Every structure is written in structure tokens, then in C-alpha cells.
Amino acid sequence: MKHACLALIAIALFLLMTVSGPLAAADSPDTGAGKKGILLVTFGTTFPEARSAYENLAEEARRAFPEIPVHWAYTSHIIREKMAESGKKVHSPTQALKKMEEKGFTHVAVQSLHTIAGQEYHDLVRTVGRLKQKPGGIKEIRIGKPLLAGPHDMKAAAQAILETLPEKRKPEQAVILMGHGTHHPANAAYAALMWRVQLSDPNIYIGTVEGFPGPEKILSRLQDSQTDTAWLMPFMSVAGDHARNNLAGGQHEAWKSIFTRAGIRCRPVLKGTAEYDAFAGIWIRHLGEAMEKR
Ligand code: CO
């Protein structure tokens, strides 16, 4: 009886091993030889005080994936050069992926920290596509989508905007978010998001520096609504050059100057979206999707 029991256990164990072996391997192909890494990709900024947004994102990525090293790349050549002049070496996405390959990374999730899937995001997709074709490189490179990549993100981003309004803002006061904007069709995401946010709060506007709508369009709406105060906030991952100059700077063309000349009291809040966990969480969710994708 004892022997029969042992034999049964042995058979059961054998079956378990033969069944679970290949299945387990298919579920997690990276165990053993694989070395996973994360590459966060952003335009970049030269403002040290703006970089706390990046630190927050890296921190969130580490919290979500504690075992996986986080690397950075800046897409802007000019910013990389300026950083190099001050003794800080920052890689381009291609350079960073080459370095990661040299360090033995086999599976890399590249997370775009862009706001919309515009020109820069698609450039990154092309860069990664070229590296994927290279024989003998990193085995698997996947891309995590930008902030506003689908209907679910629009809903989450609208919610994040409502959650991160300045504490002292009164409902009748305007909140004007400055997106970057682009000639790329993905620019439509800003107006789509504004429409969604305005269903909950009609005094929130999203304009852009380089796309549609610009500040004049928003000003005419403000004048219709008789708002006397506007909170100005960047709708970009960091509060860098555009936030400090085009939004809240003293130049004639800065949004603050335009609205102030029209008699509206301006209250800038210089914080990038990546500084708020409500937005960072959307990028981190996309990173998770990229890590899980087969
Ligand atoms: Co720009």
C-alpha cells in the first residue's frame, strides 16, 4: 500500500513536471537568461528645477517594477548638447538602447513620456523599429504609449485634471492648461480632452503653444464668460522652457501677458503633469501594458 502510494505520488509529480515545465516557460520566457530593463524617453529639459517631474516618474516606475532597472533618454539633440556642456551626459534613445544592449539587457520596455502620439512619439517608434531589425541586438523591445493614447486615457486624463486643480481656485475662476501642440493630426487630442473636461467644469481650457487652439481663442471664450482670474498651468510632463517663458514669462507674447492685458488676473502654477501621481499613473499603466505584451 505504502509503495503504491509512493508510486502514485511519483507519477503525479512526473506529470506535473512535464505539464508545468513547458507551460511555465511559455508564461514567463524571461526567467533565467533574460535581463529586463525600462527606458523612459522624454524630450528633455535643461531646467534642473523641472526635473523633479522626471524623478517622480522614475520613482513610480521603480515602485511598480522594483526589480527592473530604469534608464533615461532625451530625444532633443539641443538639450542633450546643453546638458553635456554642463557636464551631464544624457543619451538619445538609440544611444541608450545600445548601452543597455552592451550591459546585457535582453528585454526592454521603452516608455514614451510624450503627451500625445504626435511626431516625436512616431519618431521613437521608428527608432525602435530600426533597432529591432538589427540582428543580435536586444531580443525584445516594446513601446509604452504616450499619455493620451486612447478613449480610456482621455477619461483618466480628464479625471487627473479635475483632481489636480489648484486648491485655492474658485469654481468661477478659469484654469488654462498649456499643451505643447503640433502640426501633427494627433493635436486633436487636446481639444477632445478639453471637451470632455468641460462636461464637468466649463471653466477649464486646454490651449497649445504650437497648435490649435492658441491663447487668442481661449481669451475670447474667457471674455464671454466674464472671468476675472485665470490659473495658468502647463499641460506637459515638465514645467520647462515653455511653461516658464511662453506661459508665465514676462515677454509680450507670453500667455500671462496676453491675459493680463485683457484685464484677467493670472496665477501661474509651474508644475509639470509628471509631478502629479494622477498623471504619472497613466504613463505607468502604459509601461505595465508594454511589459506584459507578448
Ligand atoms: Co517646444
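Residues numbered from 1 in each chain as written. Predicted model: local features only at pLDDT ≥ 70, side-chain atom pairs only at ≥ 80, totals over all residues. Heavy atoms only, no water.

A. Expanded view of the sheet that holds strand β3 (residues 107-112). Ordered in space as β2-β1-β3-β4, the 4 strands form an open sheet in which the pairing is parallel. Across the chains shown, the open sheet's two edge strands, defined by having one partner strand only, are β2 (70-74) and β4 (140-144). Pairs of neighbouring strands in the sheet enclose a mean axial angle of 25 degrees, with direction left out of account. Sheet contacts for helix α4 (residues 93-102): β1 (36-42), β2, β3 and β4; angle to β1, the most-contacted strand, approximately 165 degrees. Of the strands in this sheet, β1, β3 and β4 touch helix α11 (residues 277-292), which is tilted by about 150 degrees from β3. (Pairing = 2+ DSSP bridges. Helix = DSSP H or I, 4+ residues; strand = E, 2+ residues; numbered from the N terminus. Axes fitted to C-alpha atoms, helices over the stretch in contact; angles between N-to-C directions. Contact = heavy atoms within 4.5 Å.)

B. Main features of the pairing of β1. With 6 of 7 residues buried, β1 is to be regarded as a mostly interior element. Two strands pair when backbone bridges link them, and β1 and β3 are joined in this way by 6 bridges, in the parallel orientation. Residue pairing across strands places Val41 opposite Ser112, the latter belonging to β3. For β1 and β2, the ladder comprises 5 bridges, and the chain directions are parallel. When the sheet's bridge partners are listed, Leu39 is paired in β2 with His71. (Buried < 20%, exposed > 50% of the residue type's maximum accessible area, 1.4 Å probe, protein only.)

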